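Structural overview for review
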Amino acid sequence: MNKKTLLLMPVAALLVLSGCQEDEAASVPTPEPVDLSATEDLFAEPVKANPLTSDPNAVVVRVNGEDITRGEISQVMNMAMQQFAGRVQPQQMQQLQAQMYEQIKNDLISKKLIDAAVAKANVTVDEAKLTEVIEQIKSQPLPEGMTFDAALASQGMTLAELTENIRSEMATRQFLESKTEGVAAATEAEALEYYNANPDRFQTPEGVSASHILLGFDEGDTDETKAAKKAKLEKIRGDIIAGTISFEDAAMANSTCPSKEEGGSLGTFGKGRMVPEFEVAAFTQEIDEVGDIVETQFGYHIIKVTDRTEAGTVSFDEAKEQLLSGLSGQKKQEAVQAFIKSLRDSATIEEIAM
């Protein structure tokens, strides 16, 4: 199977031209692109057989004489479904596969057409920029003891294949950008019209910036071990208040939350993002106060609030630059979508199998 499929992103992604917080969250957001808002309808009909369990070599659709097989769709499906692992029930996973099947097939059709158009245009990629991208990827942290080549091998890929994939992606982006050269940038009048038509989008909720130190509960904890953890955290809090150690250093040395690497920082969050006990403490503490110990389902915490933002409205002047950028990007996306539609309209697309 073509290794290029391994790095396939949905066509929508190509149109963009311009840890502890999750554990503490009261609810985990469902990944896009599948809408699970109507969960009551998921089981209105019996779950159908998985369309990807048949012969992986079976041709599903033929695009200008080039085949897309069930195996190619399945490979992209598996990567997409990893977003949902552990977040939805097994029965829902089956339903998601059925919902995403047509979407992924259509993405692959569009990619075939775009790849052919890029090849016909003979796009040349700047080798210096390509090398820079490869070096950026190499510089990303890896699990301890693993080399870059070993990480690639674990994905069934070599450096040469990765380089070729990135070269292809850069050529595609460059080609699609060329289809937007005549697109006018958004005007201030258009930005103001959008601002006035969408007031809810510019409301800012109350928020806090906070850090914490967590001594997490373990499965086998007893009342005694929990009491020992609480006593340890009391001592840590006392040392911080006495100035013996900074909150950040104490977090890095003691916290069991991944945020320890950032000195315990959880960034800025609004209401409804954290479990209730944590939220109440964070939103009632004074700035720079090291609060009393808070117990949640995750363990014992001490919290330090470093900033507070009141609810309000973002002014047009504050939002203007972002609006201009976003609306200009939207115009470019629409131009690219129109180009892809023209490719599909002029292509011979044969549905071979479901």
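Refer to the structure presented above.
Residues numbered from 1 in each chain as written. Predicted model: local features only at pLDDT ≥ 70, side-chain atom pairs only at ≥ 80, totals over all residues. Heavy atoms only, no water.

1. Concerning the overall build of the protein chain
Under the convention used in this document: Comment: elements are numbered from the N terminus, with helices defined as DSSP H or I runs of at least four residues and strands as E runs of at least two. Under the scheme applied here, a residue whose accessible area is under 20% of the maximum for its type counts as buried, over 50% as exposed, and between as partly exposed, the area being computed with a 1.4 Å probe on protein chains only. Using a 1.4 Å probe, the Shrake-Rupley method yields the accessible areas, and only the shown protein chains count as cover for residues.
What the protein chain contains, in helices and strands, is twelve helices and nine strands. Evaluated residue by residue, the protein chain yields a buried proportion of 36% over its 354 residues. Counting only carbon and sulfur atoms, one obtains 50% of the accessible surface of the protein chain, whose full area is about 20500 Å².

2. Let's talk about the pairing of strand β7 (residues 299-309)
Selection rule: Only strands that DSSP links by at least two bridges are regarded as paired with each other.
Looking at chain direction, strand β4 (residues 207-216) and β7 are connected through ten bridges and run antiparallel. When the bridges of β7 are listed, L215 appears paired with Y300. When strand β6 (residues 294-296) meets β7, the two strands line up antiparallel, connected through three bridges. Looking at β7, one finds that E295 is bridged to Y300.

3. Digging into the sheet that holds strand β2 (residues 66-69)
For clarity, the threshold we go by: Lines fitted to the C-alpha atoms define the axes, with helices restricted to the stretch that makes contact. Angles between their N-to-C directions range from 0 to 180 degrees.
Read from one edge of the open sheet, three strands run β2-β1-β9, paired in antiparallel fashion. Pairing within the sheet leaves two strands with one partner each, and these edge strands are β2 and β9 (349-351). Sheet twist, expressed as the average angle between the axes of neighbouring strands with direction ignored, equals 25°. Across three bridges, strand β1 (residues 59-63) lies against β9 in antiparallel orientation.

4. Regarding the side chain of R237
Basically, it comes down to this: The term polar contact refers here to a pair of N or O atoms within 3.5 Å; inside protein, the definition further demands a hydrogen-donor-capable atom paired with an acceptor-capable atom, and it admits residues adjacent in sequence only when both atoms are side-chain atoms. Pairs of residues are marked as contacts when any of their non-hydrogen atoms sit within 4.5 Å.
Note on placement: R237 falls in helix α9 (residues 223-242). Judged by relative accessible area, which is 18%, R237 ranks as buried. Side chain to side chain, R237 and D292 meet in a polar contact 3.1 Å long. Excluding its chain neighbours within four sequence positions, the residues that come into contact with R237 are V290, G291, D292 and I302.

5. Points about the packing of helix α5 (residues 127-138) against helix α7 (residues 159-178)
This is how it is decided: Here is the rule for angles: anything less than 35 degrees is roughly parallel, anything more than 145 is roughly antiparallel, 65 through 115 is roughly perpendicular, and the remaining ranges are oblique. For any pair of crossing helices, the crossing counts as left-handed if the nearer helix is rotated counterclockwise from the farther one by less than a right angle, and right-handed if it is rotated clockwise. Note on residue categories: nonpolar means Ala, Val, Leu, Ile, Met, Phe, Trp, Tyr, Cys or Pro, charged means Asp, Glu, Lys or Arg, and polar means any other residue, Gly included.
One can describe the packing of α5 onto α7 by two numbers: an axis separation of 10 Å at closest approach and a directional angle of 125°. When the interaxial angle is binned, α5 and α7 end up oblique. Note that α5 runs across α7; the crossing there is right-handed. For the pair α5 and α7, the contacting residues are E127, K129, L130, V133, I134, I137 and K138 in the first and L159, L162, T163, I166, R167 and M170 in the second. Broken down by class, the residue content of the contact of α5 with α7 amounts to eight nonpolar, one polar and four charged.

6. What to know about the nonpolar core
Our working definition: In these notes, a set of buried Ala, Val, Leu, Ile, Met, Phe, Trp, Tyr and Cys residues joined through side-chain atoms within 4.5 Å is what counts as a nonpolar core.
Ranked by size, the top nonpolar core spans 36 residues in total, and within it I68, I73, M100, I104 and L162 carry the most contacts. Counting residues per element, the ones that place at least two in this core are β1, α3 (70-81), α4 (90-121), α5, α6 (148-154), α7 and α12 (316-346). A total of ten residues in this core trace back to one element, the largest contributor, which is α4. The next biggest cluster of nonpolar side chains, apart from the first, holds 13 residues, and it includes V208, M274, A282 and I303.

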